[in-house]
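# Close look at the chain arrangement
Here is what each chain is made of, one letter per residue.
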Amino acid sequence: MTFGARALIRLDALKHNLSVIRKSCPGAKIMAVVKANAYGHGMVPVAQSIPDVDSFAVARMAEAIQLRQAGVETPIVLLAGVFNDDELQQAITNNFEIVVHCEEQIGLLDAAQGGAATVWLKFDTGMNRLGFNPDDAENLITRLRNCNSVAELRLMSHLASADDRGNAATGAQLERINELVEGFDGAVSIANSAGALAWPALTGDVWIRPGLLLFGLSPFDDQTGGELGLLPVMQFEARLIAVKPLAKGALVGYRGRYEAPADSTIGIISAGYGDGYTRHFKTGTPVLVNGRKVPLIGNVSMDMIAVDLGPDAADQVGDVATLWGDGLPIEEVAPWADAIPYDLVCGVMNREASEIVDQG
Ligand SMILES: *Cc1c(COP(=O)(O)O)cnc(C)c1O
């Protein structure tokens, strides 16, 4: 491997996580969410390794096209839908399913000449992001069922706080959703990762939309992915590129933000915010070196960080440092940057080499 930072992507772990999801939601169809470059894991190789999911969901047209161009034939859902007639035609030609969440998008469907797409009609049941008011459901369903550009009509909503198990808002959302679903004869999709695990499944033709779980990450504050039976898909690692004595009183890094309280050994590791190891990581953030958790010291640089290896360190230049992954759950690291696993993994892979490993 190189001396720079790299993200090792374990496709065998991805397949394992998919089987865990299937077991915890028996009967549900799976719309695997691979937006944002599959949460930083590499959208194309991720999708190619699990082609047997029921569909993939992406946020942007460009992502959907990229999947088709890579030979992915699984149905693809555009989570925000289309915004002009060109995009609608592209969706119909490529057989993309579209979310319809606003009046403007119904206008596009009404005006379209020829062809039809599967439509996920989205309702806002309390998140106040995308979707129609459920009070208008009957009228909207009738309109879309009578629209020639709609091949099949399905129903969708999104939970705002499913990751917070005690949150009463989810109960209120589910109540509205149940009312919607009762009057609807067709496929329905409500739950993201947290919803799929924490809230009782709806019965019938139900689709779940896991993202986080696929990648081995927990949506809950009080549980790691490992505790949910998942395996981390991303192993983010780098190497020691310098090991030196550190004298008591020495100031480490830009602005000298860390002062050594005692003689020790400093290790410099080849990962920084340019690689996706955010500058928000504070002194004390654990880094795994030769089986020990050692603390980050001083400010994160663009390409490097410093750690305190301890006074008796025997670590050497070239030794591997794990920033998160096996042995160091990302859920343990994230709070040190006031981050959540989502934003950490999404920040990786825009610069450095990644290596796809399939041991399954
Ligand atoms: C991103 C997204 C998901 C996946 O969420 P996870 O918490 O990663 O499982 C599901 N549904 C919608 C609408 C999304 O935008």
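Before reading on, note that the structure itself is shown above.
In short, a report on the structure. All values derive from a computational prediction rather than experimental measurement. (Residues numbered from 1 in each chain as written. Predicted model: local features only at pLDDT ≥ 70, side-chain atom pairs only at ≥ 80, totals over all residues. Heavy atoms only, no water.)

## A closer look at the layout of surface pockets
Here the largest pocket defines a volume of roughly 780 Å³. Lys35, Tyr39, His158, Asn192 and Tyr342 are, among the 35 residues lining the largest pocket, the residues nearest its centre. For the lining of the largest pocket, the elements supplying multiple residues, two or more each, are helix H2 (35–40), helix H9 (193–198) and helix H11 (341–346). The class makeup of the residues in the lining of the largest pocket is 21 nonpolar, six polar and eight charged. (1 Å grid on protein atoms, 1.4 Å probe; cavity = no way out; pocket = protein on both sides within 12 Å on 5 of 7 lines; lining within 4 Å. Points joined across faces, edges and corners; volume = space filled by probe spheres on them. Helix = DSSP H or I, 4+ residues; strand = E, 2+ residues; numbered from the N terminus. Nonpolar A, V, L, I, M, F, W, Y, C, P; charged D, E, K, R; others polar.)

## Some remarks on the environment of Glu73
Along the polypeptide, Glu73 turns up in the loop between helix H4 (61–69) and strand S4 (76–78). Assessed through its relative accessible area of 74%, Glu73 is described here as exposed. Taking the C-alpha atoms as reference, Glu73 lies 9.7 Å from Asn94; in sequence the two are 21 residues apart. (Buried < 20%, exposed > 50% of the residue type's maximum accessible area, 1.4 Å probe, protein only.)

## Structural notes on the nonpolar core
Across soluble globular proteins, nonpolar side chains have a tendency to be buried as a group. Ile98, Tyr277, Val287 and Trp324 are the most contacted members of the largest nonpolar core, which has 115 residues in total. Sorting elements by how many residues they give to this core places helix H1 (residues 11–24) first, with six residues. What Val287 contacts, discounting residues up to four positions off in sequence, is Ile269, Tyr277, Arg292, Lys293, Val294, Ile305, Val307, Ala321, Thr322, Leu323 and Leu328. Within the second largest apolar cluster, eight residues are counted, among which are Tyr258, Ile268, Ile297 and Ala306. (Core = buried A, V, L, I, M, F, W, Y, C linked by side-chain atoms within 4.5 Å. Contact = heavy atoms within 4.5 Å.)

## A closer look at empty space enclosed by the protein
Counted according to the given criterion, the structure contains one cavity of 30 Å³ or more. Here the largest cavity defines a volume of roughly 60 Å³. Together, Lys122, Phe123, Asp124, Thr125, Gly126, Met127, Asn128, Arg129, Leu130, Ser157, His158 and Gln173 line the largest cavity. Of the residues in the lining of the largest cavity, the class split is three nonpolar, six polar and three charged.

## With respect to helix H7 (residues 137–145)
Along H7, the residues classified as buried are Ala137, Leu140, Ile141 and Leu144. Projected down its long axis, H7 shows its buried positions confined to an angular sector of 100 degrees, all on one face. Packed against the buried residues of H7 are helix H6 (103–111), strand S6 (117–123), strand S7 (150–157) and helix H8 (168–182). (Arc of directions from axis to C-beta.)

## Quick look at unusual backbone geometry
Glycine aside, a negative phi is what most residues show, and trans is what most peptide bonds show. The phi angle at Asn95 is positive, at roughly 60 degrees, despite the residue not being glycine. By the element assignment, Asn95 lies in the loop between helix H5 (85–93) and strand S5 (96–100). By relative accessible area, Asn95 is classed as exposed at 57%. Within the chain, Asn290 stands out as a residue other than glycine whose phi angle is a positive 50 degrees. Within the secondary structure layout, Asn290 lies in the loop between strand S14 (286–289) and strand S15 (292–297).

## Some details on the state of the cysteines
One pass over the full model with this rule turns up zero disulfides. The cysteine Cys102 is free of any disulfide, with Cys147 supplying the nearest cysteine sulfur at 14 Å. Under the relative-accessibility criterion, Cys102 is labelled buried at 19%. (Disulfide = S-S within 2.5 Å.)

## Points about the site of the ligand
Neighbouring the ligand are 14 residues, the closest being Lys35, Tyr39, Ser193, Leu212 and Tyr342. Between the ligand and the protein, one listed contact pairs a nitrogen atom with a side-chain N or O atom of Arg209 at 2.9 Å. Within the side chain of Tyr342, an N or O atom sits 2.5 Å from an oxygen atom of the ligand. Taken by itself the ligand offers 390 Å² of open surface, and the protein chains cover 93% of this. Most atoms of the ligand, that is more than half of them, are within 2 Å of grid points of the largest pocket. For the shell around the ligand, the class distribution of residues is six nonpolar, four polar and four charged. (Near = heavy atom within 4 Å. Polar contact = N/O pair within 3.5 Å; in protein donor to acceptor, adjacent residues only side chain to side chain. Areas by Shrake-Rupley, 256 points an atom, 1.4 Å probe, with all protein chains shown as cover. Sits in = over half its atoms within 2 Å of the grid points.)

## What to know about the pattern of salt bridges
Counted under the stated rule, the structure contains 12 salt bridges. Residue Glu97 is joined to Arg154 by a salt bridge in which the shortest nitrogen-to-oxygen separation is 3.4 Å. You can see Glu97 sitting in strand S5 and its partner Arg154 sitting in strand S7, a full 57 residues away along the chain. Glu332 serves as the salt-bridge partner of Lys293, at 3.1 Å between the closest nitrogen and oxygen. Of this pair, Lys293 sits in strand S15 while Glu332 is found in helix H10 (residues 330–333), placing the two residues 39 residues apart along the sequence. Residue Glu332 is classed as partly exposed on the basis of its relative accessible area, which comes to 31%. A single salt-bridge network, built from bridges that share partners, covers Glu97, Glu152 and Arg154. (Salt bridge = Lys/Arg side-chain N within 4 Å of Asp/Glu carboxyl O.)

## Re the packing of aromatic side chains
If you walk through the whole model with that rule in mind, you get five aromatic pairs. Members of the aromatic cluster, connected to one another through ring pairs, are Tyr39, Phe215 and Tyr342. Its end group placed over the ring of Phe220, Arg165 keeps NZ or CZ at 3.7 Å from the ring centre. Positioned above the aromatic ring of Phe3 is the side chain of Arg239, whose terminal nitrogen or guanidinium carbon lies 5.5 Å from the ring centre. (Phe/Tyr/Trp six-rings, centres within 6.5 Å; stacked < 30°, edge-to-face > 60°. Lys NZ or Arg CZ within 6 Å of the ring centre and 35° of its normal.)

## Some details on the sheet that holds strand S9 (residues 206–208)
Around the barrel, which closes on itself, the eight strands sit in the order S2-S3-S4-S5-S6-S7-S8-S9 with parallel pairing between neighbours. Lying over the sheet, H4 contacts strand S3 (55–58), S4 and S5, oriented at roughly 170 degrees with respect to S4. (Pairing = 2+ DSSP bridges. Axes fitted to C-alpha atoms, helices over the stretch in contact; angles between N-to-C directions.)

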